[in-house]
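# Coordinate analysis (summary)
So the chains spell out like this:
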Amino acid sequence: MTITARTRVAIVGAGPAGLLLSHLLADAGIDSIVLDRRSRDEIESTIRAGILEQETVRVLSETGASDRVLADGSRHDGIELRFEGEGHRIDFPSLTGRSVWLYPQHEALKDLIAARLAARQDLRFETTVTGVGDIETDRPWVTATAADGADLRIEAEFVVGADGSRSVVRPAVTGSSGGYFREYPFAWFGILCDAPPSSHELIYSNSPAGFALISQRSPTIQRMYFQCDPGADPNALSEGEIWEALQARVPGTALATGPIVQRDVLRFRSFVAHELRRGRAVLVGDAAHTVPPTGAKGMNLAVADVVLLDRALRALLLESDHRLIDTFAETASTRIWKAQHFSWWMTSMLHTAADASAFDRRRQLGELRSVVESEAGRTFLAEAYTGWPHEA
Ligand code: PHB
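The numbers attached to residues start from 1 for each chain and follow its sequence in the written order. This being a predicted model, a pLDDT of at least 70 is required before a residue's local features are given, and a value of 80 or more before pairs of side-chain atoms are given or counted; all residues contribute to the totals for chains, interfaces and linings. Derived side-chain values reflect all non-hydrogen atoms in the structure, with water molecules and hydrogen atoms excluded from consideration.

### A word on the sheet that holds strand S1 (residues 2–6)
Heads up, the condition is: The pairing criterion is simple: DSSP has to find at least two bridges between the two strands. Helical segments are the DSSP runs of H or I of at least four residues, strand segments are the runs of E of at least two, and each set is numbered from the N terminus. All axes here are fitted lines through C-alpha atoms, helices being fitted over the stretch that makes contact, and every angle between N-to-C directions spans 0 to 180 degrees.
Judged by pairing direction, the sheet is mixed, and its four strands sit side by side in the order S1-S12-S11-S10 without closing on themselves. Here the strands that pair on one side only, and so sit at the sheet edges, are S1 and strand S10 (128–133). Shown here is a sheet whose adjacent strand axes are inclined to one another by a mean of 20°, direction ignored.

### Quick look at the pattern of salt bridges
Condition: For this document, the term salt bridge refers to a Lys or Arg side-chain nitrogen within 4 Å of an Asp or Glu carboxyl oxygen.
On inspection of all chains with the given rule, the structure shows 28 salt bridges. For Arg6, the salt bridge goes to Glu155, with nearest N and O atoms at 3.1 Å. Of this pair, Arg6 sits in strand S1 while Glu155 sits in strand S12 (residues 151–155), and the two are 149 residues apart along the sequence. Of the charged contacts in the structure, one is a salt bridge between Arg124 and Asp122, with a shortest N-O distance of 2.8 Å.

### Focus: the domain arrangement of the protein chain
Which entries qualify depends on this criterion: Each domain's extent was defined by an automatic or database domain assignment. By definition in these notes, contact holds between two residues if any of their heavy atoms fall within 4.5 Å. Here's the idea: put two parts together, see how much 1.4 Å probe accessible area each one loses, and the total over both is what we call buried area. Residues are grouped as follows: Ala, Val, Leu, Ile, Met, Phe, Trp, Tyr, Cys and Pro are nonpolar; Asp, Glu, Lys and Arg are charged; all remaining types, including Gly, are polar.
The domain boundaries assigned to the protein chain delineate domain 1 (2–75 + 101–180 + 270–345) and domain 2 (184–268 + 355–386). Of note, the centres of domain 1 and domain 2, computed from C-alpha atoms alone, are 30 Å apart. The interface is formed by 20 residues belonging to domain 1 together with 20 residues belonging to domain 2. At the boundary of domain 1 with domain 2, total buried surface from both sides reaches about 1,700 Å², with 68% on carbon and sulfur atoms. Counting residues per element, the ones that place at least two in the side of domain 1 that touches domain 2 are strand S4 (51–53) and helix H10 (323–350). For the side of domain 1 that touches domain 2, the element with the most residues is H10, which contributes four residues. Looking at side-chain class alone, the side of domain 1 that touches domain 2 contains 11 nonpolar, six polar and three charged residues.

### Notes on the sheet that holds strand S17 (residues 221–228)
Reading across the sheet, the eight strands line up as S7-S6-S15-S16-S17-S14-S18-S21 and stay open at both edges, with mixed pairing between neighbours. Of all strands in the sheet, those bounded by a partner on one side alone are strand S7 (86–91) and strand S21 (289–290). Bridge count for strand S6 (residues 78–83) against S7 is six bridges, and the pairing is antiparallel. Residue pairing in the sheet places Phe83 in a bridge with Glu86 of S7. Sitting on the sheet, helix H8 (residues 239–249) is in contact with strand S14 (179–194), strand S15 (202–207), strand S16 (210–216), S17 and strand S18 (260–273), with an inclination near 75° to S17. The sheet contacts of helix H11 (residues 358–372) involve S6, S7 and S15, and relative to S6 the element is tilted by about 150°.

### Regarding H10
The test is simple: To estimate how far a helix should reach, multiply one less than its number of residues by 1.5 Å. Two axes define the bend at a residue: one fitted to the seven residues ending there, one fitted to the seven starting there, and the bend is the angle between them.
The end-to-end C-alpha distance of H10 is 41 Å, a good match for the 40 Å that 28 residues give at a rise of 1.5 Å each. Maximal helix bending in H10 amounts to about 40°, located at Ala329.

### Side note on the site of the ligand
Basically, it comes down to this: Any residue with a heavy atom lying within 4 Å of a molecule or strand is counted as near it. Polar contact criterion, stated in full: a pair of N or O atoms within 3.5 Å, where within protein one must be able to donate a hydrogen and the other to accept it, and residues adjacent in sequence count only if both atoms are side-chain atoms.
Taken together, 14 residues sit near the ligand, with Tyr204, Ser215, Arg217, Tyr225 and Pro293 positioned nearest. The side chain of Ser215 places a nitrogen or oxygen atom 2.6 Å from an oxygen atom of the ligand. Elements supplying a minimum of two residues to the shell around the ligand: S15, S16 and S17. Class assignment for the residues of the shell around the ligand results in nine nonpolar, three polar and two charged. A domain-level breakdown of the shell around the ligand finds at least three residues from each of domain 1 (2–75 + 101–180 + 270–345) and domain 2 (184–268 + 355–386).

### Describing the side chain of Ser215
The condition is simple: Using a 1.4 Å probe on the protein chains alone, a residue whose accessible area is under 20% of its type maximum counts as buried, one over 50% counts as exposed, and one in between counts as partly exposed.
As for its position among the elements, Ser215 is in strand S16. Since its relative accessible area comes to 5%, Ser215 is described here as buried. For Ser215, the contacting residues outside a window of four places in its chain are Leu102, Leu202, Gln222, Arg223 and Met224.

### Quick word on unusual backbone geometry
Even without glycine at this site, Glu126 takes up a positive phi of about 50°. Located in the positive-phi region is Ala296, a residue other than glycine, with phi close to 55°. Along the polypeptide, Ala296 turns up in the loop between S21 and helix H9 (298–319).

Structure, rendered in structure tokens:
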């Protein structure tokens, strides 16, 4: 037996994009059902990146989606680029008038889930989408298998694929055309450790041994990454070997060490779906695009997509005005490709490729120097890192 439910917007994916969209739509009186294949616990405990642009923080706090981001997040007014053993600070407020916040994504997800459940959002975990159809009509639908094994059919007026890089909604939108895609010959070995901070701001370090990023989580927990092979096994290194690899990549700072409580290998890719919308279905967040983590753009791009889509859906569903949904893909693409460029640029400028020649290495140092020694160069980096203003 199939249980049929009706809603205005069927949202696939309870990550930052899907949850924030349901939150913004509810504010306009537009009801939605949010489905996710994962359990609440899995969503709330998966470690992801942590840098939020000022505009992302503003949206999360002003709309009540997260009341902790300002209280518990920490404002960062700059980052350091380190190369040839020397640090060069990029000061965000003086260059752009903006800052960023360090607030782990899973904390933002806890806030969003709590806010949505308090508002009686229909939010279904452990529910696997099995089909999406009729998206070129006014009555698209999603079918799914619920946590208890029941078959569901959700009839909606719009379907949103916010279901991450392995999106099941994506094929319905892009057909067989897929997307623009690039792989990188390196990955990040990430750790969480019990230690005091080694630096009060993030350090992006280029060294002959490879790239490292020194990030933070709290006064007692730190997040750090070092460049590794995409095929690396996170369990193959001892704690001593991990600290040695990290320390070799951050010359000039003596890292404060401590027990490593989590380790993972993050593979890099750049991806943009060829189509972001077909009829009454759109893709947002990682379902639409993936960036390597070096530019810290992932969640910020998802939030910018959703702010744009919320406006377009309000116009469409409350006023039958198609104009914003008709231009959604084109408008979103402008920011997406700027972020793709920035993420690719930071990645290629900071990592060392195994096959880099002596020329490539010196050219890279020349590029880093051109950025840090020029106010225009620092401003370019700071504008992109702190985030371009949301579309008016
Ligand atoms: C993190 O803290 O996990 C983090 C920060 C900045 C990045 C990527 C990851 O660019």
